[in-house]
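# Topology and contacts: notes
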Amino acid sequence: MKMKYWQEEIETASRETLDSLQSERLIATVKRVYEKVPMYRQRMDEAGVKPEDIKSIKDITKLPFTTKQDLRDTYPYGMFAVPMNEVVELHASSGTTGKQVVVGYTEKDVHTWGEICARALVAAGADETDFVHVSYGYGLFTGGFGLHYGAQQIGATAIPVSAGQTKRQVTILEDFGSTILCCTPSYAMTIAEAVEQAGIDAAKLPLKAGIFGAEPWTEEMRQYIEDKLKIKAYDIYGLTEVMGPGVSFTCEHQCGMHVNEDHFIIEVLDPETFEPVPDGTIGEIVFTCITKEAFPVIRYRTKDLGYVTREKCECGRTFARMSKILGRTDDMLIIRGVNVFPSQIETVLLEQGYAPNYMLIVDRVNNADTLEVQVEVTPEIFSDKAAALTSYEKKLQVAIRELLGIQAAVKLVAPNTIQRFEGKAKRVIDNRKLHD
Ligand code: ADP
Ligand code: ZN
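Read on for an overview of the structure. Just so it is clear, the structure is predicted and the values come from calculations on it, not from any experiment.

For ligand 1, the set of nearby residues contains 18 residues, the closest of which are Ser94, Asp235, Ile236, Thr240 and Asp304. At 3.0 Å from a nitrogen atom of ligand 1 is found a main-chain nitrogen or oxygen belonging to Ala214. The backbone of Ile236 places a nitrogen or oxygen atom 2.6 Å from a nitrogen atom of ligand 1. In isolation ligand 1 offers 560 Å² of accessible surface; the protein chains occlude 95% of this area. Ranked by the residues each element gives to the shell around ligand 1, the list is headed by strand β7 (residues 232–239), at five residues. Of the residues that constitute the shell around ligand 1, the class distribution is seven nonpolar, five polar and six charged.

Let's shift gears to the environment of Gly125. Among the secondary structure elements, Gly125 is positioned in the loop between α5 (107–123) and β3 (131–134). Here the alpha-carbon distance between Gly125 and Arg25, two residues 100 residues apart in the chain, equals 30 Å. Setting aside anything within four residues of it in sequence, one finds Gly125 in contact with Lys2, Asp130 and Lys208.

This part covers the pattern of salt bridges. One pass over the structure, following the stated rule, counts 26 salt bridges. The residue Lys62 makes a salt bridge to Asp59 at a minimum N-O spacing of 3.1 Å. The exposure class assigned to Asp59 is buried, which follows from its relative accessible area of 13%. In this structure, the salt-bridge partner of Arg301 is Glu284, at a minimum N-O distance of 3.1 Å. Taken together, the residues span a long stretch of sequence, with Arg301 in strand β12 (residues 300–306) and Glu284 in strand β11 (residues 283–289) at a distance of 17 residues.

Around the zinc ion (ligand 2), the protein contributes the donor atoms Cys251 (SG), His258 (NE2), Cys313 (SG) and Cys315 (SG), at 2.1 to 2.3 Å from the metal centre. Bound by four donor atoms, the zinc ion (ligand 2) shows angles of 103 to 114° at the metal and therefore tetrahedral coordination geometry. Overall, His258 belongs to the buried group, its relative accessible area being 0%. Cys315 sits in the buried class, given a relative accessible area of 1%.

A word on helix α7 (residues 166–177). Taking 1.5 Å per residue as the helical rise, α7 with its twelve residues ought to reach 16 Å, and the 16 Å between its terminal C-alpha atoms agrees with that figure. The set of residues buried in α7 consists of Thr166, Gln169, Val170, Ile172, Leu173 and Gly177. What you see down the axis of α7 is that its buried residues fit within an arc of 160°, all on one side. Projecting away from the buried face of α7 at angles above 90 degrees are the exposed residues Lys167 and Asp175.

Here is what the cut-offs are and how they apply
- Residues numbered from 1 in each chain as written.
- Chains lettered and ligands numbered in written order.
- Predicted model: local features only at pLDDT ≥ 70, side-chain atom pairs only at ≥ 80, totals over all residues.
- Heavy atoms only, no water.
- Near = heavy atom within 4 Å.
- Polar contact = N/O pair within 3.5 Å; in protein donor to acceptor, adjacent residues only side chain to side chain.
- Areas by Shrake-Rupley, 256 points an atom, 1.4 Å probe, with all protein chains shown as cover.
- Helix = DSSP H or I, 4+ residues; strand = E, 2+ residues; numbered from the N terminus.
- Nonpolar A, V, L, I, M, F, W, Y, C, P; charged D, E, K, R; others polar.
- Contact = heavy atoms within 4.5 Å.
- Salt bridge = Lys/Arg side-chain N within 4 Å of Asp/Glu carboxyl O.
- Buried < 20%, exposed > 50% of the residue type's maximum accessible area, 1.4 Å probe, protein only.
- Donors = N, O, S within 2.8 Å, 3.2 Å for Na, K, Ca; no water.
- Tetrahedral: all angles 85-135°; square planar, octahedral: opposite > 155°, others 65-115°.
- Expected span 1.5 Å × (residues − 1).
- Arc of directions from axis to C-beta.

So this is what it looks like as structure tokens:
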């Protein structure tokens, strides 16, 4: 049966109701972590804050931040707020930027995780008749399981394909009748190409929607994937430390990701002063978990940049919406003093009619930063005369300079020569680090 919401009452609750629910849950969470997690008690004592000082959500700014480093310092179970015998599942972040972070879930936490993913699935048009094809990796990575549990909660059929074996993905899409595809946007691209290469008309597949996330992707990329797979594409956001995918999700109006505010408090802070910024202003996104039992993070600094709006959405959901992630403070490239996010280059490439298969190579030559943008072209362009290729490169170079104010070398490369991804894409090779 078609549903507009998974849990209408809470998803459309008034701001007053949400505020008081958040206040009540924040107070209880702070009290609990102060008692159960030595790190939080120590930090709060250092900051001179007692649980009694937290009387409503307004007081959240009195609380100290939590960073990835804190979670590493307490590896593996130091931040758990329940005895280990209550933990029914463990996950871990990928550990690509250092020691991995281990997180745990109680039975109730697992249910909550499924619930927030169920909301995202319903917002993408899912019901119990759907076949949810999950091509996020299953394993310690949180990608696969959240949407798997969510699909099962609404009574849909979960297909735990996991990432990889792209040809097999196509066979399953065709033979099992997958209607909703869940994976990273870059893997959706890879799958779309494989569908094309198999000579299958995407429009004839039963697939109708995709829920893509776990990495930044642009609005242009969304349209590109929609066009290639003939589906509607939805964004889903989350992070291991806070819960996994489902912390926020897009509705059919595609105007930002609704934050599941009954479970998480979102703040946006000035990245330098760490003071809250007004709605609509870009800053670092910070989350506090207010219902999690095993691993509730307090004011966790995500390093993700975006902004928030609390204006009512046409879908009727009242949950605040966060913008697409504009980048991670970690991913920002500083090229000769200019701040550049890979997503900005992606926008230019797609606007200029290229496919989003690209790699950015940053280096330092004679003490000056250099940026080379490698992008694939179609076989027709590539087989064209060298002179024509150069003119395409020049045109792209001008477009990048006009939009971003930086001088980049552009190199058009042959089709299928840039790496394809099954999980999160890696779009930057920064050779400057080699010289440091
Ligand atoms: P890590 O990559 O740090 O090991 P996760 O797998 O938990 O940990 O990834 C979380 C990060 O992935 C987020 O902080 C964010 O940078 C990125 N991310 C997740 N979903 C999205 C999304 N929909 N859009 C942009 N970035 C996303
Ligand atoms: Zn909406």
